[in-house]
Amino acid sequence: MTPTGTPSADLRHAGLTQVLGACPHDCPDTCSFITTVENGVALKVHGNPEHPHTGGVLCNKVSKYTERTYHPERLLQPLKRVGPKGAGQFEPVSWDQALDDIAARLGAIAARDPRAVLPYSYCGTMGMVQGESMAARFFHRMGASLLERTICASAGGEGMVQTLGAKVGMKVEFFAESQLILIWGSNSIASNLHFWRHAQAAKRNGAKLICIDPRKSETAEKCHEHIALLPGTDAALALAVMHELITHDWLDHDYIARHTVGWEALHQRALQWSPERAAMVCGVPVEQIRSLARDYGTRKPAAIRLNYGMQRVRGGGNATRAVACLPALIGAWRHRAGGVLMSSSGSFPVNKAALQRPDLMAQGLQGRDPRTINMITIGDDLLRPASAAFGPALEAVVVYNSNPVAVAPESGKVVQGFAREDLFTVVLDHFQTDTADYADYLLPATTQLEHWDVHGAYGHTDVLLNRPAIEPVGQARTNTQVFRDLALRMGYTDACFVDDDEALCRMAYGDKVDFNELLHKGYATLAIADAPFAHGGFPTPSGQCEFFSERLAAQGLDGLPDHVPNYETVGSSAAYPLAMISPPARNFLNSTFVNVKSLRSIEGEPVLEIHASDAAARGIANGSVVRVFNDRGVYRCKAEVSPRARPGVVNGLGIWWRKLGLDGTNVNELTSQHLTDLGHGPVFYDCLVEVQADGPAAVPGDAPAEAHADLSAATPVPV
Ligand SMILES: Nc1nc2c(c(=O)[nH]1)N[C@H]1C(S)=C(S)[C@@H](COP(=O)(O)OP(=O)(O)OC[C@H]3O[C@@H](n4cnc5c(=O)[nH]c(N)nc54)[C@H](O)[C@@H]3O)O[C@H]1N2
Ligand SMILES: Nc1nc2c(c(=O)[nH]1)N[C@H]1C(S)=C(S)[C@@H](COP(=O)(O)OP(=O)(O)OC[C@H]3O[C@@H](n4cnc5c(=O)[nH]c(N)nc54)[C@H](O)[C@@H]3O)O[C@H]1N2
Ligand code: SF4
Ligand SMILES: [Mo]
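Every chain is numbered independently, its residues counted from 1 as its sequence is written. Ligands are numbered from 1 and chains lettered from A, in the order in which they are written. For a predicted model such as this one, the threshold for reporting local features is a pLDDT of at least 70, and the threshold for listing and counting side-chain atom pairs is 80 or more; totals across whole chains, interfaces and linings nevertheless cover every residue. Only hydrogens and water are set aside; all other atoms, that is, all heavy atoms of the structure, feed into the side-chain values.

Let's talk about the overall build of the protein chain
So, point 1. Helices and strands together make up the secondary structure of the protein chain, namely 26 helices and 27 strands.
So, point 2. Taken over C-alpha atoms, the radius of gyration is set against a globule rule of 2.2 Å times the number of residues to the power 0.38. The C-alpha atoms of the protein chain give 25 Å as radius of gyration, which agrees with the globular expectation for 719 residues (27 Å, within 12%).
So, point 3. Relative accessible area decides the class of each residue, using a 1.4 Å probe on protein chains only: under 20% of the type maximum gives buried, over 50% gives exposed, and in between gives partly exposed. For the protein chain, buried positions account for 64% of its 719 residues.
So, point 4. Whether two residues are in contact is decided by their heavy atoms, any of which lying within 4.5 Å being enough. Partitioning the contacts of the protein chain with sequence separation of at least 6, the portion at a separation of at least 24 is 76%.
So, point 5. Here the accessible surface of atoms and residues is derived via Shrake-Rupley with a 1.4 Å probe, and residues count as covered only by protein chains that are part of the display. Per element, the accessible surface of the protein chain, about 24300 Å² overall, is 52% carbon and sulfur.
So, point 6. A positive count includes Lys and Arg, and a negative count includes Asp and Glu. His and the chain ends are not counted in either. By convention, the point assigned to a charge is CZ for Arg, NZ for Lys, CD for Glu and CG for Asp. Across the protein chain, the mean location of the 64 positive side-chain charges is 2 Å away from that of the 76 negative side-chain charges. Numbered from the N terminus, helices here are DSSP runs of H or I no shorter than four residues, and strands are runs of E no shorter than two.

A few points about the side chain of Glu410
So, point 1. When you line up the elements, Glu410 lands in the loop between helix H18 (404–407) and helix H19 (411–418).
So, point 2. The term polar contact refers here to a pair of N or O atoms within 3.5 Å; inside protein, the definition further demands a hydrogen-donor-capable atom paired with an acceptor-capable atom, and it admits residues adjacent in sequence only when both atoms are side-chain atoms. Only 2.9 Å separates the side chain of Glu410 from the side chain of Gln673, close enough to count as a polar contact.
So, point 3. Look past the residues within four positions of Glu410 in its chain and what remains in contact with it is Arg632, Asn668, Thr671 and Gln673.

Description of the sheet that holds strand E3 (residues 41–47)
So, point 1. For two strands to pair, DSSP has to find at least two bridges joining them. What the three strands build is an open sheet, ordered E1-E2-E3; its pairing is antiparallel. For this open sheet the edge positions go to strand E1 (16–22) and E3, each flanked by a neighbour on one side alone. The mean inter-strand angle of the sheet, taken between neighbouring strand axes irrespective of direction, is 25°.
So, point 2. Pairing geometry for E1 and strand E2 (residues 32–38), over seven bridges, is antiparallel. Bridging across to E2, Ala22 finds its partner in Ser32. Axis definition: a line fitted to C-alpha atoms, limited for helices to the stretch in contact. Angles are taken between N-to-C directions and run from 0 to 180 degrees.

Describing the domain arrangement of the protein chain
So, point 1. Each assigned domain of the protein chain is listed with its residue range as follows: domain 1 (79–152 + 353–454 + 478–501), domain 2 (155–342 + 531–554) and domain 3 (578–707).
So, point 2. What counts as a domain boundary in this text is fixed by an automatic or database domain assignment. Its C-alpha centre places domain 1 at a distance of 30 Å from the equivalent point of domain 3.
So, point 3. With 26 residues of domain 1 at the interface, the matching set in domain 3 holds 21 residues.
So, point 4. Here's the idea: put two parts together, see how much 1.4 Å probe accessible area each one loses, and the total over both is what we call buried area. Interface of domain 1 and domain 3: buried area, both sides summed, is about 1800 Å²; carbon and sulfur atoms make up 50% of it.
So, point 5. When residues of domain 1 are sorted by the area they lose upon contact with domain 3, Ile376, Glu410 and Asp434 head the list and together hold 27% of the total.
So, point 6. Salt bridges are counted wherever a side-chain nitrogen of Lys or Arg sits within 4 Å of a carboxyl oxygen of Asp or Glu. Applying the counting rule to domain 1 against domain 3 returns one salt bridge.
So, point 7. Ionic pairing is found between Asp437 and Lys659, a salt bridge with its closest N-O pair at 3.0 Å.
So, point 8. For the interface between domain 1 and domain 3, the tally reads 19 residue pairs in polar contact (both at pLDDT 80 or more).
So, point 9. Looking at the side of domain 1 that touches domain 3, the elements with two or more residues in it are helix H17 (378–382), H18 and H19.
So, point 10. Take the side of domain 1 that touches domain 3: its biggest share by element is four residues, from H19.

Topic: the site of ligand 3
So, point 1. If a single non-hydrogen atom of a residue is within 4 Å of a molecule or strand, that residue counts as near it. Near ligand 3 the following residues occur: Cys23, Cys27, Asp29, Thr30, Cys31, Leu58, Cys59, Val62, His194 and Leu589.
So, point 2. Under the scheme applied here, ten amino acids are nonpolar (Ala, Val, Leu, Ile, Met, Phe, Trp, Tyr, Cys and Pro), four are charged (Asp, Glu, Lys and Arg), and all others, including Gly, are polar. Residues belonging to the shell around ligand 3 are distributed by class as follows: seven nonpolar, two polar and one charged.

Let's talk about the site of ligand 2
So, point 1. Within the structure, ligand 2 sits among 31 residues, and Ser402, Asp429, Ser591, Thr592 and Asn668 are positioned closest to it.
So, point 2. Note that an oxygen atom of ligand 2 is positioned 2.5 Å from one of the side-chain N or O atoms of Ser591.
So, point 3. One of the side-chain N or O atoms of Tyr685 is found 2.8 Å from an oxygen atom in ligand 2.
So, point 4. The protein chains hide 97% of the 910 Å² of surface that ligand 2 would expose on its own.
So, point 5. In terms of residue class, the shell around ligand 2 is built from twelve nonpolar, 15 polar and four charged.
So, point 6. Counting only domains with at least three residues in the shell around ligand 2, you end up with domain 1 (79–152 + 353–454 + 478–501) and domain 3 (578–707).

What about the packing of helix H9 (residues 234–247) against helix H13 (residues 286–298)?
So, point 1. The N-to-C vectors of H9 and H13 enclose an angle of 60°; their axes lie 9 Å apart at closest approach. The two elements H9 and H13 meet at a crossing, and its hand is right-handed. Contacts between H9 and H13 involve Leu237, Ala240, Val241, Glu244 and Leu245 from the first element and Ile289, Arg290, Leu292, Ala293, Tyr296 and Gly297 from the second.
So, point 2. Of the residues that constitute the contact of H9 with H13, the class distribution is eight nonpolar, one polar and two charged. The sense of a crossing depends on the near helix, which, turned anticlockwise from the far helix by less than a right angle, makes the crossing left-handed and, turned clockwise, makes it right-handed.

Here it is as structure tokens:
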């Protein structure tokens, strides 16, 4: 059976069909998948064997996609709140009732000041159509506040842009030919499985794999070496590697002279970072740093899989810049199996303006200045009163493709914000998430099996098309349809509000990608050179790899990369001596899949991994319940005394639904709303805590009083 499936035709047939789709999740791999459908019911989803990056294999999470699609708790009809805010009590209403009322409420607010309305969305789907197309048009036309969508990758993204010129780099498949792979701030087995296949192929061909990660992750334990540095010290490590490249003359002088700017200045900076100094900052043996530099200077070709785990700290942008400078120093870019890859998303020629129509903003704003809200500070911003500096207080939030109550930092404040009686909240989702509990209207959304979409990727360079395989389940509607319907009710008559989803799919790449190829194969490969920077040609203003960034210097920032210490540095607080990172649990995808039983049962319950020495010092037994706390809040979970944690650093795996945790909280109770040095990103892994055995000895008041005073109103603070 050839999988293509023109669904409207296919769905008229009884019998088996196979429909080509794309995994919508926020994952670098963007797999091509095939859904087998019988009599309109999706039986299973499997990896497309014809798509080289997918290689016929999906991860454990998405292999169970039908379990999620037909989940008994799937939202099947529009719901209206009947109970108190946050209680999650709803009654069914018709779509017409819901949409009429929502349009009336938003319309009334917008008539006063549209900036009091905020869309809140992220990457529940990475699809460009069910993501920011019709939704963006709708909010632009209204003049709503703009959302700065920086909760994931923007520090690293900006670091890449300032160094290499864009989010571009090595082609992922050529890692298989490398002789040295640094897996830096990435738990590839959990979050980038298809890259890991290439790393394993390289290993079989004699490559050395080194993992740089505070946590001994699933990936770290399968590498030849693991450098368990303290969180937020990656720039110090990279600068010390440069120091060694210089002192041993493992440099490619010709490449540096031809294709870089700022070498003299970087050279001076790097000489300030002896391995001894970096060893102190990073909390690793000095010999490990020397050995890393020797490997990097002498094993060729050398590749770096840099990932977002290392940029969720104050200095994440600088750290990314420091690492991104390394390949040019040794001329690694000359070889297709050398260089660095953080994200490939800058390679995709997306016509965002056509999809999102920012030009419509002027109509709604009527002379007002646009306002931007950073999605990371949603906790503070929901609680902020109107002021000259801030503008109008937020009166309405429309959430789609995101679960902010679970994923945004300092959730005590986020919860308090969403609990505001005077806030009007609409949530579009598949399930009644933690955020959905606070909705005034909860609208059932279609899943990837039920709608059209088109995708780029951030871990490879193929465009993918997703066709609907089944009709919407229950009364679910696409995000696009909801915003089309709302636009109609709001009297937005611009022609763009009638574009259908297939037209939007075609518009995303226009004539840059052959849509017939997408229809036929499900994917199309962008034409990109195998070794894109072998002869320089970086997409920076200078065309060079910018060790020194004039653009940063012009903003009054350091033009060179440096180590920027964490906001919350280990050793800086007697009350909170432990650093906590909170990378994802392998079987969840952010907060998605936490409610899928087969996956949750693998993860068990929320855990905090803690090193035996830190556990012993606190009388914490393996498997016991602990209180993890700081000034922002308290989180209770199960301790796992584990070699995955290094001394001084605990790992609170995420991102659990709060309501499925021990006390209706999750790890973001503890994280802060600070922003990174570059790119306005989050600092989830820049967080100090203390941990105590739970039980009679642990009474409130052990944590600083203001934490309880501040949060007790909104959060069930455990005692
Ligand atoms: N299974 C699964 N896959 C996922 C996700 C998921 O939730 N689950 N999430 C998806 C999303 S949205 C993203 S952005 C990516 C995230 O995937 P990655 O980019 O790989 O980032 P993280 O998983 O946040 O962290 C990766 C590793 O970095 C480590 N780390 C933490 N702090 C530091 C540090 O300061 N320095 C260094 N060197 N390492 C550090 C963590 O311990 C972790 O093992 O994965 C995507 N894929
Ligand atoms: N402590 C801590 N916090 C973190 C992180 C961390 O590592 N540690 N990681 C951060 C990162 S990297 C990210 S990217 C963010 C992720 O934050 P989010 O992007 O909010 O990701 P999810 O939690 O997966 O929530 C996505 C929601 O979208 C819904 N959804 C999926 N598809 C559709 C659709 O087609 N239509 C509609 N209407 N809804 C849909 C899903 O059901 C799900 O509830 O979290 C961040 N938060
Ligand atoms: S989550 Fe990632 S690895 Fe899993 S199917 Fe989707 S794209 Fe592939
Ligand atoms: Mo992310």
